[in-house]
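# Results of the structural survey
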Amino acid sequence: MLRVTTASLCTYCQRMRFLLPPSASTSTVTSPNKRLENQHTVDSLYKLSVDIRKVRKLKGWILLESSAYVSETADLLRDMGADTPVIARILETHPEAVLCRPEDVAAQRDLWVSVCPNKRDLMSIIEKFPGSFFTLTNHSNQRANILYLQSLRLSKRIIGKLMASAPQSFSRPVEQNQEVIHTLRETYLDLGGDEGNLRLWLQKLLTQNPNILLRPAEAWRDSLAFLREQGFTTEELLTLVSSLRASIAELQPEAMQQALAYVEGAFACSKDELKQIVIRCPAILYFSLPTLMGRFQGLMDAGVSMEQVKDSPTVLELTTQIVLYRIQKLASYGYDVRSGSLDVIVGTKKDFEMSYGKLHLRQQRPLFNPVAPLRSAED
């Protein structure tokens, strides 16, 4: 009898818990030894249709803070063109925003408007990167870095993307970014780049790798010096720097040495052949030795020959799982990769689908028109 009564009481309590408003539910279940949630904050978020359970699960400490600016933050976002669903998504993703003082958020808005005057574009960026927008530190550094990048004639769109993707690079002193940009300029010109194309080259690097400014200038010099020692010409180095999306500054000479030595031994190739393989597949330089060894072994286990890998080294950019899936996919349509080129399986998913589609069309066409001459999709 006691067990039945206890079970019924628990069921009743659970039902009542779901019927209570967020604030009442919190005060009911919170232990006396713990801080109570700020009911005003919870209710204000609830009115904006914010998923309180999600906030409570991921950033519950925010609901305990005594001071919060929920309605003020929502009003600022609304003034920038955000509707209620967008505001709810932003506050669910980055609830810390409600702890920011309204005057600080307004100052941040003015900074971002200087590089992204279009409200729709600005809100699109804030929705994707709310943490970057609500990082309200070092406004003076942010402003100085914006002015410096604008002095380089970089487009506002590029600067806006950098602020969203790498806010740390704007919060630090402008002198540090000036040193990195100076090193990049020297590198580009020393490698034979043209001064007239420098701005476009910088924009491309910054777009591909927003964190480039956070890498110390010495890292660039060390990596390039190592590759020069390996016999790469200035033209080849410029190609590598551009192909690696500036990741070359993140590479360690010791790790690159291990990767190059392994590839040279695995292919049994000369130094010149090794250079050409690296130029065709620069990813070899930043893969760790265990990763390279695992991918080589996976290809060998799949029946691929070393000569095939040597002819299509970009296959090493793919994980073993992706390679096996693509080989099996083609095999189901009668194409044996082991007897042909690996070029058909390399590239992005879209590239592979295009290659697979062409092979598929060649196989299926005679079924629809048996008397038509068999022609490839490229014809």
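Structure: above.
Summarised in this report is the structure supplied together with it. (Residues numbered from 1 in each chain as written. Predicted model: local features only at pLDDT ≥ 70, side-chain atom pairs only at ≥ 80, totals over all residues. Heavy atoms only, no water.)

## So, the pattern of salt bridges
The following threshold applies: What counts as a salt bridge is simple: a side-chain nitrogen of Lys or Arg found within 4 Å of a carboxyl oxygen of Asp or Glu. The helix count covers DSSP runs of H or I at least four residues long, the strand count covers runs of E at least two residues long, and both are numbered beginning at the N terminus. Summary of the burial criterion: residues with accessible area below 20% of their type's maximum are buried, those above 50% are exposed, and those between are partly exposed, where the area comes from a 1.4 Å probe applied to protein chains only.
Scanning the entire structure with this criterion turns up 13 salt bridges. With its nearest N and O atoms 2.9 Å apart, the salt bridge here joins Glu37 to Arg56. Taken together, the residues Glu37 in the loop between helix H2 (22–29) and helix H3 (39–47) and Arg56 in helix H4 (residues 52–59) connect sequence positions 19 residues apart. Looking at Arg56, the relative accessible area reads 31%, which means it is partly exposed. Measuring nitrogen to oxygen at the nearest pair gives 3.3 Å for the salt bridge that ties Lys271 to Glu264.

## What about the packing of aromatic side chains?
Heads up, the condition is: The rule is short: rings of Phe, Tyr and Trp, with Trp giving its six-membered ring, pair when the centres are within 6.5 Å, and they are stacked under 30 degrees, edge-to-face over 60, tilted in between.
Under the counting rule described, the total for this entry stands at 6 aromatic pairs. Ring plane angle 70° and centroid distance 5.4 Å describe the contact between Tyr262 and Phe296, whose orientation is recorded as edge-to-face. Taken together, the residues Tyr262 in helix H17 (residues 253–267) and Phe296 in helix H19 (residues 289–301) connect sequence positions 34 residues apart. Taking relative accessible area as the criterion, Phe296 reaches 2% and is therefore assigned buried.

## Things to note about the environment of Val315
To be explicit about the condition: Contact between two residues is taken to exist if any of their heavy atoms lie within 4.5 Å; hydrogens are not considered.
Topologically, Val315 is positioned in the loop between helix H20 (306–311) and helix H21 (320–331). On the basis of relative accessibility, which here comes to 1%, the residue Val315 falls in the buried class. C-alpha of Val315 to C-alpha of Arg295: the two residues are 20 residues apart in sequence and 9.1 Å apart in space. What Val315 contacts, discounting residues up to four positions off in sequence, is Leu299, Val309, Val323, Leu342, Ile345 and Val346.

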